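Reading the structure
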Amino acid sequence: MVHVLLDDMPWVIQFLTYGLYLVSVAFGYFQEYFERFTHYLSKSKLENEIDYENGYAPLCNLNNLFFVKWSYRRVEDLFNRPVSGLPGAHIDVMMRQGDPMYNIPLKPDGTLKRCLNLGSYNYLGFAENDTKITDDVIATVQKYGTSGCSPRIQTGTTDLHRNLERTVADFVGKEEAIIFSMGYATNSTTIPSLVSKGDLIISDTLNHASIVVGCRSSGASIKVFKHNDPVHLEKVVRDAICEGQPRTHLPWGKILIVVEGIYSMEGEILKLREIIEVKKKYNCYLYVDEAHSIGAIGKTGRGISEYAGVNIDDIDIMMGTFTKSFASVGGYICSHKHIINHLRRTAFSSVDEFSMAPGCGQQVLSVIESLTGRDGTGDGARRLKQLADNVRFFRQGLTKRGFVVIGDDDSPVIPVMVIVPAKMSAFSRLCLERNVAVVIASYPATDLLLSRVRICVSAGHTRKDLEEALDVFTEVGDMCLLRYNKDSQYIITRD
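From a predicted model like this one, the values you see are computed outputs, not experimental measurements.

1. Re helix α5 (residues 183–194)
Here α5 spans 17 Å end to end across twelve residues, near enough to the 16 Å set by a 1.5 Å rise per residue. Counting buried positions over the twelve residues of α5 gives eleven, a clear majority of the element.

2. Some details on empty space enclosed by the protein
Unoccupied space between atoms shows up once a probe the size of one water molecule is rolled over them. Counting across every chain of the model gives two cavities of 30 Å³ or more. Of the voids in this model, the largest cavity is the one considered here, and its volume is about 50 Å³. As for the largest cavity, its lining consists of Arg152, Ile179, Phe180, Ser181, Ser349, Glu353, Phe354, Ser355 and Met356. Within the lining of the largest cavity, the residues separate by chemical class into four nonpolar, three polar and two charged. Considering only enclosed or pocket space, the second largest cavity measures out at about 30 Å³ in volume. Contributing to the lining of the second largest cavity are Pro87, Gly88, Ala89, Asn117, Ser120, Asn122, Ser458 and His461.

3. Some points on the packing of aromatic side chains
Scanning all chains against the criterion turns up nine aromatic pairs. Seen in terms of ring centroids, Tyr29 and Tyr33 are 6.4 Å apart; in terms of plane orientation they differ by 20°. Their pairing is stacked. Taken together, the residues span about one helical turn, with Tyr29 and Tyr33 both in helix α1 (residues 11–42) at a distance of four residues. Above the ring of Phe126, the side-chain terminus of Arg383 is found at 4.3 Å from the ring centroid. One Lys or Arg, Arg463, reaches over the ring of Phe393 and ends 4.1 Å from the middle of that ring.

4. Some thoughts on the pattern of salt bridges
Considering all chains together, one arrives at 21 salt bridges under this definition. Of the charged contacts in the structure, one is a salt bridge between Asp77 and Arg429, with a shortest N-O distance of 2.8 Å. Highlighted residues: Asp77 in the loop between α2 (62–70) and β2 (83–84) and Arg429 in helix α14 (residues 421–433), separated in sequence by 352 residues. What makes Asp77 partly exposed here is its relative accessible area of 25%. Measuring nitrogen to oxygen at the nearest pair gives 3.9 Å for the salt bridge that ties Arg392 to Asp389. Here Arg392 pairs with Asp389, and both are found in helix α13 (residues 379–400), just three residues apart, close to one helical turn. Assessed through its relative accessible area of 27%, Asp389 is described here as partly exposed.

5. Topic: the packing of α5 against helix α10 (residues 337–346)
The geometry of α5 relative to α10 is characterised by a closest axis approach of 10 Å and an angle of 110° between their N-to-C directions. Taken as axis vectors, α5 and α10 run roughly perpendicular relative to one another. Judged by the sense of rotation from one axis to the other, the crossing of α5 with α10 is right-handed. Taking contact as the criterion, the partners of Thr190, Ser193 and Leu194 in α5 are, on α10, Ile339, His342, Leu343 and Thr346. Of the residues that constitute the contact of α5 with α10, the class distribution is three nonpolar, four polar and no charged.

Quick notes on the rules
Residues numbered from 1 in each chain as written. Predicted model: local features only at pLDDT ≥ 70, side-chain atom pairs only at ≥ 80, totals over all residues. Heavy atoms only, no water. Helix = DSSP H or I, 4+ residues; strand = E, 2+ residues; numbered from the N terminus. Expected span 1.5 Å × (residues − 1). Buried < 20%, exposed > 50% of the residue type's maximum accessible area, 1.4 Å probe, protein only. 1 Å grid on protein atoms, 1.4 Å probe; cavity = no way out; pocket = protein on both sides within 12 Å on 5 of 7 lines; lining within 4 Å. Points joined across faces, edges and corners; volume = space filled by probe spheres on them. Nonpolar A, V, L, I, M, F, W, Y, C, P; charged D, E, K, R; others polar. Phe/Tyr/Trp six-rings, centres within 6.5 Å; stacked < 30°, edge-to-face > 60°. Lys NZ or Arg CZ within 6 Å of the ring centre and 35° of its normal. Salt bridge = Lys/Arg side-chain N within 4 Å of Asp/Glu carboxyl O. Axes fitted to C-alpha atoms, helices over the stretch in contact; angles between N-to-C directions. Parallel < 35°, antiparallel > 145°, perpendicular 65-115°, else oblique. Left-handed = near helix turned anticlockwise from the far one by under 90°. Contact = heavy atoms within 4.5 Å.

So far we have only geometry, and geometry alone does not tell us how the molecule works.
Below is the structure:
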């Protein structure tokens, strides 16, 4: 596992990164006050100026408006790029014209650019429409319609939903499962049903926002441990048990450890075996989010438990989504039958959210049938092998070409460190010019010093696709001075 050591990062890189952010903010304030001064002289209103004469308090945060106006607009073309067509190995990006910095909004100019897609979570390539699965989905829509038009607890449960839950539970290896129509809501609305006041959640510092929202909504106390660090986790658990609840020092009702199978910003795979040892030693419950690991790792695609070689019964709550490897929507919780029955009655998404669209459910059913080999084609096994081969080839290719690549060797998420924010925007634009679509991530999604390009490799990519991408990365990397792996011993470490 490779990750960045912030404490050992060269001072030159830190100076450039912090300096560029400070210059950007300083210029923003200068432009803001200059604009206010000119509008004051001309007696005209500022753009987005709030009218207080109607007696209403400001609905928007003025600080957010400043960030959007003077920071985000400079790089707005890097985000929200509209696409046309399916998110396969290649994608049609709708080109836009405009200059948000001068109040000229970005608008599609009617042209499409065919690009190699290195940004979608289509890990197994099932988002393509040239397989039998597409025919199965169409037939399901013809039979069940496009929506159940009702929550599960009312009239939104069909025989297809129950079949999907049984299939998912069997695939994961748990007694029972419940499915939801939104992956984000699977975390944010079920965690409050599992813990409450008097309980304790111990969460990884880099857990997904949906987990953070679910933890904060639960009313339970929250502590965090260093990212993917079982040693620090044990210390936090031990101290929490010794100290008890705040003020009263009463024992905790229960302790829930919440982690992810693959961390999507870091490309790191969970140290599950060590986490389970801590969990069993202190009698805690373990909740594992498999959004990026289910279908992507493990010999048969069964995720982190299969990859780590642990007993599935040692994990109390298995959460996952259908939005990545399964090329659908929604999520699931797998656990003991009495826990799932409890969630059916209490989880907000089960009670109030509309049920998953039948066509999306059939997509998942067909993908699982392919992964388990029940379709008789062997296509699922081929895709799993292709994904693993593509991940190793591309990660090794980037490393050999001098890029700083972090994460685990088997993770389909491959972050390439950019560090300096100006290089991040230049890299994305230059790649798009060369017909390669990439996703960038920076503060506040990452640490201020850890801007990166986040690459997602798919089984749908051919070796030729990846070789062409490596050539483009090499060319653009030289232009942006990103191939600085000769000095990487100062900024990365390998576990």
